[in-house]
Each structure stands twice: as structure tokens, then as C-alpha cells.
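Working through the structure, step by step
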Amino acid sequence: MFTDESACNTYNYGDSVYWDARYIHEASAGSFDWYQRYHALRPFLRKYIPTSSRILMVGCGNAVMSEDMVKDGYEDIMNVDISCVAIEMMRRKYEHVPQLKYLQMDVRDMGFFLDDSFDSVIDKGTLDSLMCGTDAPISASQMLGEVSRLLKPGGTYMLITYGDPTVRMPHINRPVYNWEIDLYIIRKLFLNLSV
């Protein structure tokens, strides 16, 4: 299997210590959505994921994507992240939003959940993070195995990645998962940082 070294730097994105420190350091900056915001992804979510779906958002961080999905009618989103700091911040922020639940968890071992627990799993950068960590192919395989185990038959795994498809496809297109794959390439989101 491949490691996407072109997209990596020296940080270990698969390590909770890195993410806890980052969320503590950036606490005053507010929420951050990796890659794309909900409005750009909405057509894909609406096409593949009904609003009544039980959804698992892996690597939720402090993003507002789940909040935006609830505002758009989604009813049941379980958010998990390796960072206890991010999870605690999000629990407090959304304690009065019953459609959103938060658990600290490593996506490589989600044994807390029973098989076939979710209609959909959304991954916005989590596989990418693991692909930059130590033992990338093993971590990717562990996470994707868990995603496959947790998805109900016919469920949807939506991977939003900036990773090279030729590097990602060998990981997700394994016969053991038996997934039908639709690949869409959308423009990267660029922020205007001029003052």
C-alpha cells in the first residue's frame, strides 16, 4: 500500500497528543472546517445520504459541518475524534442540540459501536491524517476496516480528501470492503487571507 508523502509534513497527525495540543493552542481561533464547507458538499450529501440516516462523522475536530447538517435537516450525527480536547469543546458547544453526539475515540478501534450501526460514515480529512502518520498503511487499513464493519449493508462511506486518488484508491478499493466507488473531483477551497 502507498503512503502519500507529498501531502505530509513532520507532524504525526495520527497522534492524540498532537491534536490535543493543537486544539488547546488554537482554542481562541474558533471552529475550523478542513477542505470544504458544508455548502460546497451539500449536493453530494443530499444525493447519497438521506436526512434520516444515522451518521458517523469521523475526525470531527471542531468543525461546524455537523451543525450545518443539522440546520439542513439531518437528524442523528455521532461525532468522534481522537482529541479529548476537541470533543469536550464540542460537547459543551452543542449540549442543547440533541441531534449531535460526541465521543472521544480513535477511528482505528471503534469497538464501542456494534457492527452495522450506521447508515453513513463521513470522513473529511481523517484518512488523510492517518496517511501522514506513523505506520500509515496499517493505520489506514485499521480505520477502513472499522468503517466497513460499522456501515449497514448498502451504507455510504463519504471520503472527502485532497489526497491523490491513485494513492487513496488502493486503500478503499479492496475486495474485502465490496464498496461501489463514485469518484468526484471538486475544486479545492482557497481562503482569501488578504487584509
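Definitions and cut-offs
Residues numbered from 1 in each chain as written. Predicted model: local features only at pLDDT ≥ 70, side-chain atom pairs only at ≥ 80, totals over all residues. Heavy atoms only, no water. Buried < 20%, exposed > 50% of the residue type's maximum accessible area, 1.4 Å probe, protein only. Helix = DSSP H or I, 4+ residues; strand = E, 2+ residues; numbered from the N terminus. Pairing = 2+ DSSP bridges. Core = buried A, V, L, I, M, F, W, Y, C linked by side-chain atoms within 4.5 Å. Contact = heavy atoms within 4.5 Å. Phe/Tyr/Trp six-rings, centres within 6.5 Å; stacked < 30°, edge-to-face > 60°. Salt bridge = Lys/Arg side-chain N within 4 Å of Asp/Glu carboxyl O. Polar contact = N/O pair within 3.5 Å; in protein donor to acceptor, adjacent residues only side chain to side chain. 1 Å grid on protein atoms, 1.4 Å probe; cavity = no way out; pocket = protein on both sides within 12 Å on 5 of 7 lines; lining within 4 Å. Points joined across faces, edges and corners; volume = space filled by probe spheres on them. Nonpolar A, V, L, I, M, F, W, Y, C, P; charged D, E, K, R; others polar. Axes fitted to C-alpha atoms, helices over the stretch in contact; angles between N-to-C directions. Arc of directions from axis to C-beta.

Next up on the list: the pairing of strand β4 (residues 118-124). Burial within β4 is extensive, with six of its seven residues counted as buried. Across six bridges, β4 lies against strand β5 (residues 151-160) in parallel orientation. Of the residues in β5, the one forming a bridge with phenylalanine 118 is leucine 151.

One finds Leu56, Val80, Met110, Phe113 and Tyr157 to be the most contacted residues of the largest nonpolar core, which totals 25 residues. Contributing elements (two or more residues each) for this core: β1 (54-58), β2 (76-81), β4, α5 (126-131), α6 (136-150), β5 and α7 (165-172). The biggest single contributor to this core is α6, with five residues. Among all residues touching phenylalanine 113, those that are not within four sequence positions of it are Leu56, Met78, Val80, Leu103, Met105, Phe118, Arg149 and Leu150. Listed in part, the 22 residues of the second largest apolar core include Cys60, Tyr74, Ile87 and Ile160.

A few words on the packing of aromatic side chains. Each aromatic ring pair is characterised by the separation of its centres together with the angle its planes make. If you walk through the whole model with that rule in mind, you get seven aromatic pairs. Where tyrosine 94 meets tyrosine 102, the ring centres are 6.1 Å apart and the plane angle is 10 degrees; that geometry is what we call stacked. On the basis of relative accessible area, tyrosine 102 is assigned to the buried category, the value being 6%. Ring geometry for tyrosine 157 versus tryptophan 179: centroids 5.3 Å apart, planes at 40 degrees, classification tilted.

Quick look at the pattern of salt bridges now. A side chain of one charge can pair with a side chain of the opposite charge if their charged atoms are brought near each other. Taken as a whole, this structure holds 12 salt bridges when the rule is applied. In this structure, aspartate 72 and arginine 42 form a salt bridge, with 2.7 Å as the shortest nitrogen-oxygen distance. One end of the pair, aspartate 72, is in the loop between α3 (65-71) and β2; the other, arginine 42, is in helix α2 (residues 38-48), with 30 residues separating them in the sequence. For arginine 42, a relative accessible area of 36% translates into the label partly exposed.

Every buried residue of helix α4 (residues 84-93) is accounted for by Val85, Ala86, Ile87 and Met90. Its side-chain oxygen placed 3.3 Å from the backbone nitrogen of valine 85, serine 83 serves as the N-cap of α4.

Here we take up the layout of surface pockets. In this structure, the largest pocket occupies an estimated 1000 Å³ of space. Around the largest pocket, the lining is made up of 33 residues, and of these Tyr157, Met158, Leu159, Asp182 and Leu183 lie nearest the centre. At the level of elements, α2, β5 and α7 are the ones that each hand at least two residues to the lining of the largest pocket. For the lining of the largest pocket, the element with the most residues is β5, which contributes 10 residues. Its residues assigned to classes, the lining of the largest pocket shows 20 nonpolar, eight polar and five charged.

Let us look at the sheet that holds strand β3 (residues 100-104). Strand order in the open sheet made by the five strands is β3-β2-β1-β4-β5, with parallel pairing throughout. Lying at the two open borders of the sheet, with one neighbouring strand each, are β3 and β5. Neighbouring strand axes in the sheet, compared pairwise and without regard to direction, differ in orientation by 20 degrees on average. Of the strand pairs in this sheet, β2 and β3 are connected by five bridges, and their pairing is parallel. Bridge pairing links isoleucine 77 to leucine 100 in β3. Here α2 sits on the sheet and contacts β4 and β5; the angle it forms with β5, its principal contact strand, is near 170 degrees.

Inspection of α2 places Tyr38, Leu41, Phe44 and Leu45 among the buried residues, and these make up the whole buried set. The arc that holds every buried residue of α2, seen down its axis, measures 125 degrees, which confines them to one face. More than 90 degrees from the buried face of α2, the exposed residues found are His39, Pro43 and Lys47. On its buried face, α2 sits against α3, β4 and β5.

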